[in-house]
Amino acid sequence: MGKSVNPDLAKARSQATFDPANLTNYLYGGPEKLRRKRYLPAFVFKELCTEMSLTDLCLIFLGLLTHVSDYLGLTLSIENMAAKEYKEEGFKSTDDMSREEAYEESMRRAVYTNKRVLQLNLQDQEEQYYFREIFVPGANPFALHYVMFKDAINTQGTEDQIQKWLPLAETYAVTGTYAQTELGHGTFLRGLETTAEYDVQREEFILNTPTITSSKFWPGALGKTANVAILNAKLITKGRNCGMQSFWVPLRHLETHQPLPGITVGDIGPKFGYHTSDNGFLQLNRVRIPRENMLMRYSKVLQDGTFVPPENDRLVYVPMTQFRFVVIGRSGWTLAKAVTVATRYSAVRRQSEITPGGGEVQILDFQTQQHKLFTQIASAYAMIIAAKAAKDLYDSAFSKMEKGNLEDLPMLHALTSSMKAFNTWEMATGVEQCRMACGGHGYLLASGIPQMYTDMVSACTYEGENTVMCLQAARFLNKCQEAANKGERLPQLTRFLQTSRLNISSSLDQDVDLNDIIAAYEFRAATVISEANARLNAGLAMGKSQSEAWNYASQLLVKAALAFSHWFTVRALIENMRGAGFDNSTETLLLQLAKLYALDGMLRYSGDFRKVG
Ligand SMILES: CCCCCCCC/C=C\CCCCCCC/C=C/C(=O)SCCNC(=O)CCNC(=O)[C@H](O)C(C)(C)COP(=O)(O)OP(=O)(O)OC[C@H]1O[C@@H](n2cnc3c(N)ncnc32)[C@H](O)[C@@H]1OP(=O)(O)O
Ligand SMILES: Cc1cc2nc3c(=O)[nH]c(=O)nc-3n(C[C@H](O)[C@H](O)[C@H](O)COP(=O)(O)OP(=O)(O)OC[C@H]3O[C@@H](n4cnc5c(N)ncnc54)[C@H](O)[C@@H]3O)c2cc1C
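So, how was this worked out
- Each chain carries its own residue numbering, running from 1 in the direction its sequence is written.
- Each chain gets a letter, beginning with A, and each ligand a number, beginning with 1, in the order they are written.
- Confidence filtering applies because this is a predicted model: local features only for residues at pLDDT of at least 70, side-chain atom pairs given and counted only at 80 or more, and all residues used for totals across whole chains, interfaces and linings.
- The basis for every side-chain value is the complete set of non-hydrogen atoms in the structure, without hydrogens or water.
- Basic side-chain nitrogens of Lys or Arg form a salt bridge, by our definition, when they fall within 4 Å of a carboxyl oxygen of Asp or Glu.
- Per the convention used, a helix needs a DSSP run of H or I reaching at least four residues, while a strand needs a run of E reaching at least two, with both numbered from the N terminus.
- Any residue under 20% of the maximum accessible area for its type is buried, any over 50% is exposed, and the rest in between are partly exposed; the area is computed with a 1.4 Å probe on protein chains only.
- Ring pairs are drawn from Phe, Tyr and Trp, using the six-membered ring of Trp, whenever the two centres fall within 6.5 Å, and their geometry is named by plane angle: stacked under 30 degrees, edge-to-face over 60, tilted for the rest.
- Throughout this document, a residue counts as near a molecule or strand when at least one of its heavy atoms sits within 4 Å of that molecule or strand.
- Here a polar contact is recorded for every N or O atom pair within 3.5 Å, except that within protein the pair must consist of a potential hydrogen donor and a potential acceptor, and residues adjacent in sequence are included only if both atoms are side-chain atoms.
- Using a 1.4 Å probe, the Shrake-Rupley method yields the accessible areas, and only the shown protein chains count as cover for residues.
- Here the term charged refers only to Asp, Glu, Lys and Arg, the term nonpolar to Ala, Val, Leu, Ile, Met, Phe, Trp, Tyr, Cys and Pro, and the term polar to all other amino acids, Gly among them.
- In this analysis, strands are considered paired if DSSP registers two or more bridges between them.
- Here, residues are in contact when the closest pair of their heavy atoms is within 4.5 Å.

Visitor: Quick one: what's the story with the pattern of salt bridges, residue by residue and with numbers?
Guide: The tally for this structure, following the rule as stated, stands at 25 salt bridges. Across the pair arginine 288 and aspartate 199 runs a salt bridge whose closest N-O atoms are separated by 2.9 Å. Of the two residues, arginine 288 sits in strand β9 (residues 287-290) while aspartate 199 sits in strand β2 (residues 195-199), which places them 89 residues apart along the sequence. When its relative accessible area of 33% is taken as the criterion, arginine 288 is described as partly exposed. For aspartate 199, a relative accessible area of 13% translates into the label buried. A salt bridge links glutamate 432 to arginine 435, with the nearest nitrogen and oxygen atoms 2.8 Å apart. Linking glutamate 432 with arginine 435, this pair stays in helix α12 (residues 409-437), spanning three residues, or about one helical turn.

Written as structure tokens, this is what we have:
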């Protein structure tokens, strides 16, 4: 390799007032996790890249060790390096390929990494992800298999079903997808039309998509890759509709990969992004599966067709809640990648003069460029850290749920729904800002940023369209506000509705106090939630029905969910930065970053903050 680092980049790095290694260890969960994360890609490149010398590899390894902020950017150049020297038929960038070729190239890489993950016995999901992400940087054709397909088996299957099906998934004896959305319905799950009718004579379900709108439409991997689906359908037994249940449905022959009888599958065609994911359609023409293929952890159908309902009919939604957590975390890391590329570019790009005749400056010296990028660096840290805080809440709630205590399920649903919407919208805005901060070169696919945007912006839609998710969270927040109005006890997470007061001590001429920042965001959230509740009640007072009044207040209800997420994020960022045990210089810097994030948010939502004084 032997490439020297650009002198402008070296200069920018030399001015750091902190040791990046402290941050890297914190972000990746400690030195050992970080070592593993860095070792895996280097290991693969050493194995794959024929001409890359051991010296090159050590330089890469050292390069990874010294600059976290550079790590992700370097990853992209490593991938290009591997692109030149990949051992087999050549590892070509998919940018210039047709959709068919890009899918095949991604499939080749994904199958390679799947094999190596098994051979290396990589059990940890994060390590598996890091290993794959380097080689399949865009949409991975197996994404649904890795996450929702296996999660659905784990969370909806009985122990016997898990024992039977999970090994098949883990060893890629089958390749799965999660088929819920239909051509006619994605959001309104009660409107799903696919039926699973129980035939008591043969103890089988007859699966059918009776109308064109009932065709499954959008599921990833359905177009070509998957040979099994966890499919959600309306269960009908003894003439009664028992709501949406999940079923293990074979789609294609395991040897020939041809569609099975009664199955029509195909690709839905070109998309805005996510080109290497074969999102597909599926029609079922009275396809029979055995009774044992219904995932029966929570609800059951007995041999005689008796439906045993779940303790809570929302448990069937758990795979979606689980995946929303993945999306919440990935949003922050996607923005981190984009702002790393844009910041490095801004250190090496010289354009225009600040002082006439003083020579062209690094564009990072322009205040406007710093504002574009530093606010996004702060946002990336905020989202990553808030996602960790939300995950801690999730883990404690989930462990209670596994013992049958479902009391936290509504809070969990509200938190995942609102944070998924907030993080993906913030990520989409932030990545686009990073792209534009790189001028024309940001518009090149080679910059890496356009694909980050076109792939990940779909997260504003999938896993629950963002507006709908905000309204879901608002159901919980509004109930809490109603309880607060009656002086009732609230869940821990929303007790601020009863306690928040605006007693800000900071004055404009002094450095703002961090506790005041948290108080301001808390008070803003409490005020917006209360206003939404008041608007709903005003609608009722006007004689509207509950659902009409809900629709009448829905714009404010969406704002309430976003204000709640913004507060959760600011609080998590400040509290984790203060409590992370950093050395003084690092903590000082991070608290500056937290202030930048919070004050920038106040400027962007200045209407809310001015309204609450
Ligand atoms: C480093 C880490 C590496 C990790 C690996 C990372 C690798 C992958 C990363 C990136 C690759 C990306 C790959 C992604 C590919 C895309 C995958 C996409 C998949 C999908 O999109 S699957 C389909 C998703 N669809 C939805 O989400 C549908 C959304 N709609 C709804 O959920 C419905 O609107 C509804 C069900 C919420 C509403 O239903 P309905 O109208 O019937 O009723 P309501 O009255 O509104 O609600 C009823 C009641 O239920 C409660 N409820 C609803 N949902 C839930 C839930 N999930 N959990 C708990 N409770 C729920 C709701 O609150 C109501 O209760 P209350 O009356 O309010 O008490
Ligand atoms: C890249 C990608 C991958 C996907 N992968 C999968 C997959 O693997 N498996 C799967 O099952 N699905 C998948 N989906 C489908 C996805 O889950 C749906 O697109 C999503 O749930 C939104 O539903 P919809 O498309 O029907 O949009 P709609 O719900 O029709 O949304 C359209 C508009 O209507 C508004 N709207 C809808 N309902 C309400 C309401 N109650 N109140 C206010 N406004 C409302 C929305 O806010 C939005 O503005 C994928 C989608 C994409 C884009």
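Visitor: Talk me through the packing of aromatic side chains; I want residue IDs and the actual numbers.
Guide: The description of two aromatic rings rests on the distance between their centres and on the angle between their planes. One pass over the structure, following the stated rule, counts 20 aromatic pairs. Measuring from centroid to centroid gives 6.2 Å for tyrosine 28 and tyrosine 130, while their planes differ by 75 degrees, and the two rings are edge-to-face. Here tyrosine 28, found in the loop between α2 (20-27) and α3 (31-48), pairs with tyrosine 130, found in helix α7 (residues 125-135); they are 102 residues apart in sequence, far enough to count as distant. Note on accessibility: tyrosine 28 and tyrosine 130 belong to one class, buried. With a centroid separation of 4.4 Å and 45 degrees between ring planes, the pair formed by phenylalanine 496 and tryptophan 567 is classed as tilted. Pair noted here: phenylalanine 496 is in helix α15 (residues 496-499) and tryptophan 567 is in helix α18 (residues 554-578), with a separation of 71 residues, a long-range link. In this structure phenylalanine 496 comes out as buried when scored by relative accessible area, which is 4%. Assessed through its relative accessible area of 2%, tryptophan 567 is described here as buried.

Visitor: Before we move on, can you summarise the site of ligand 2 with the specific residues and values?
Guide: Taken together, 18 residues form the shell around ligand 2, and within it Tyr178, Thr181, Thr187, Gly220 and Glu465 come nearest. Contacts to ligand 2 include tyrosine 178, whose backbone N or O atom sits 2.9 Å from a nitrogen atom. One nitrogen or oxygen atom from the side chain of threonine 187 is found 2.5 Å from an oxygen atom belonging to ligand 2. Taken by itself ligand 2 offers 960 Å² of open surface, and the protein chains cover 63% of this. Ranked by residues supplied to the shell around ligand 2, first place goes to helix α14 (residues 466-485) with three residues. Across the shell around ligand 2, the residue classes tally to seven nonpolar, nine polar and two charged.

Visitor: Explain the sheet that holds strand β7 (residues 263-267) to me, using residue names and the numbers behind them.
Guide: Here three strands make up an open sheet; going across it, the order is β4-β8-β7 and the pairing antiparallel. Each edge of the open sheet is held by one strand with a lone partner, namely β4 (216-217) and β7. Here β7 runs beside strand β8 (residues 280-284); their pairing, made up of five bridges, is antiparallel. Pairing of aspartate 267 across the sheet is with glycine 280, part of β8.

Visitor: Any details on the site of ligand 1? Residues and values, ideally.
Guide: Taken together, 34 residues lie near ligand 1, and Arg190, Tyr274, Arg324, Arg475 and Lys479 sit nearest. Side-chain polar atom of glutamine 472 to an oxygen atom of ligand 1: 2.8 Å apart, as the coordinates give it. The contact in question runs from an oxygen atom of ligand 1 to an N or O atom on the side chain of arginine 475, over 2.7 Å. The protein chains hide 85% of the 1400 Å² of surface that ligand 1 would expose on its own. Every element with two or more residues in the shell around ligand 1 is listed here: α7, α8 (143-156), α10 (318-348), α12 and α14. The element contributing the most residues to the shell around ligand 1 is α10, with six residues. Residue classes in the shell around ligand 1 are distributed as 17 nonpolar, nine polar and eight charged.

Visitor: I'd like a description of the side chain of serine 299, backed by residues and values.
Guide: Assignment of secondary structure puts serine 299 in the loop between β9 and β10 (300-301). Note on serine 299: relative accessible area 5%, which makes it buried. A distance of 2.5 Å separates the side chain of serine 299 from the side chain of glutamine 245, its partner in a polar contact. Once residues within four sequence positions are removed from consideration, serine 299 is found in contact with Gln245, Met294, Phe307, Val308, Pro309 and Pro310.

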